[in-house]
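Inside the fold
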Amino acid sequence: MIGATTSTAVPVAWLVARAAGLTALALLSASLWLGLAMSVRLLPPRRQKSLMGWHQTLMWCGLSMVALHGIALLLDPVMHFSIAVVLVPGLAPWRPLAVSAGVVTAWLMLALASSFHVRRRITQRRWRLIHYSGFAAFALALGHGLTAGTDLRGTTGLLVAGGLAAPIVWLVYARILVPRAQPARRQATPGTA
Ligand code: HEM
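Residues numbered from 1 in each chain as written. Predicted model: local features only at pLDDT ≥ 70, side-chain atom pairs only at ≥ 80, totals over all residues.

**Quick notes on the overall build of the protein chain**
Per the secondary structure count, the protein chain includes six helices and zero strands. In sequence order, the protein chain lays out its α and β elements as α-α-α-α-α-α. The buried share of the protein chain, reckoned over its 193 residues, is 26%. Partitioning the intrachain contacts of the protein chain with sequence separation of at least 6 by distance along the chain shows that 68% fall at a separation of at least 24. (Helix = DSSP H or I, 4+ residues; strand = E, 2+ residues; numbered from the N terminus. Buried ≥ 20, exposed ≤ 12 C-beta atoms within 10 Å, placed from the backbone. Contact = placed C-beta atoms within 7 Å.)

**Examining the site of the ligand**
Close contacts around the ligand come from 27 residues, with Arg 18, Gly 21, Gly 102, Gly 145 and Gly 149 the closest. Mapped by element, the contributors of at least two residues to the shell around the ligand are α1 (12–39), α2 (45–75), α4 (96–115) and α5 (124–148). For the shell around the ligand, the element with the highest residue contribution is α1, accounting for seven residues. Residue composition of the shell around the ligand, grouped by class: 16 nonpolar, nine polar and two charged. (Near = placed C-beta within 6 Å. Nonpolar A, V, L, I, M, F, W, Y, C, P; charged D, E, K, R; others polar.)

**Quick notes on the environment of Arg 126**
Following the sequence through the fold, Arg 126 ends up in helix α5. What makes Arg 126 partly exposed here is the crowd of 13 C-beta atoms within 10 Å.

**Some thoughts on unusual backbone geometry**
Its identity as a non-glycine residue notwithstanding, His 80 has a phi of 55 degrees, on the positive side. In this structure, His 80 sits in the loop between α2 and α3 (83–87). For His 80, a count of 11 C-beta atoms within 10 Å translates into the label exposed.

**As for α1**
Working note: α-helix, 3.6 residues per turn, so residues spaced by three or four point in the same direction. The first and last C-alpha atoms of α1 sit 41 Å apart over 28 residues, in line with the 40 Å expected at 1.5 Å per residue. Residue Arg 41 follows α1 closely and has a positive phi angle near 55 degrees. (Expected span 1.5 Å × (residues − 1).)

**Quick word on the packing of α5 against helix α6 (residues 154–177)**
At a closest axis distance of 11 Å, the pairing of α5 and α6 adopts a crossing angle of 170 degrees. It follows that α5 is roughly antiparallel to α6 by the angle criterion. Contact with α5, carried on its side by Phe 138, Leu 142 and Leu 146, involves Gly 157, Ala 161, Leu 164 and Ile 168 of α6 and no other residues of that element. (Axes fitted to C-alpha atoms, helices over the stretch in contact; angles between N-to-C directions. Parallel < 35°, antiparallel > 145°, perpendicular 65-115°, else oblique.)

**Some details on α6**
Taking 1.5 Å per residue, 24 residues should reach 34 Å; α6 reaches 34 Å between its end C-alpha atoms and fits that length. At Ala 165, α6 shows its strongest bend, of approximately 30 degrees, with the proline Pro 167 following within four residues. For α6, a buried count of two out of 24 residues is recorded, marking the element as mostly open to its surroundings. (Bend = angle between axes of the 7 residues up to and from the residue.)

Shown next as structure tokens:
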């Protein structure tokens, strides 16, 4: 186990992997919060567009942190992960289930981030399906961080998980309860049938 390293020198790659993993989790959560905030129309319509921009940017920033996380793990002198382990779920020799959850999250995040750029070319149903997978990505990322990581053990892990999940639960609750505004009907112009 990495945590049981006897040397006093802590591998830099391990520190980078942990920091990048935690940052990726925070950015993914923030992107999900903004997506839900748009869906419940939390801000006035003129602010919706900027929310969309941030929603997309945070997802791409999260994905770049995932890339850094993966590269740092490849360079980690204790883990000895191969490129295949980082890209294919189920190949990790160490905590395979926990690591697989991270790998699947990474692919889901790539699908989510890419979907913004093909939105006009895919059906609304497909777009929604991809975006609902954001919930799965969040749950898997949280499960992965709590079970594979070093820093999210015990009470810290519970507090972080609660802090990240609370806005999501609240926004989903609001989304279910708050009726969606119907699109304004066109006024019938005199003389038209
Ligand atoms: C590319 C596939 C991935 C692999 C192979 C992977 C692997 C790992 C491993 C081996 C650890 C344990 C590091 C340690 O010893 O502390 C870890 C921790 C972690 N990973 Fe990943 N991961 C992946 C993707 C992700 C994704 C997509 C996220 C979040 C969006 C994420 C977030 C985290 C977090 C938060 C930790 C805990 C960091 C800590 O406790 O310090 N990982 N990951």
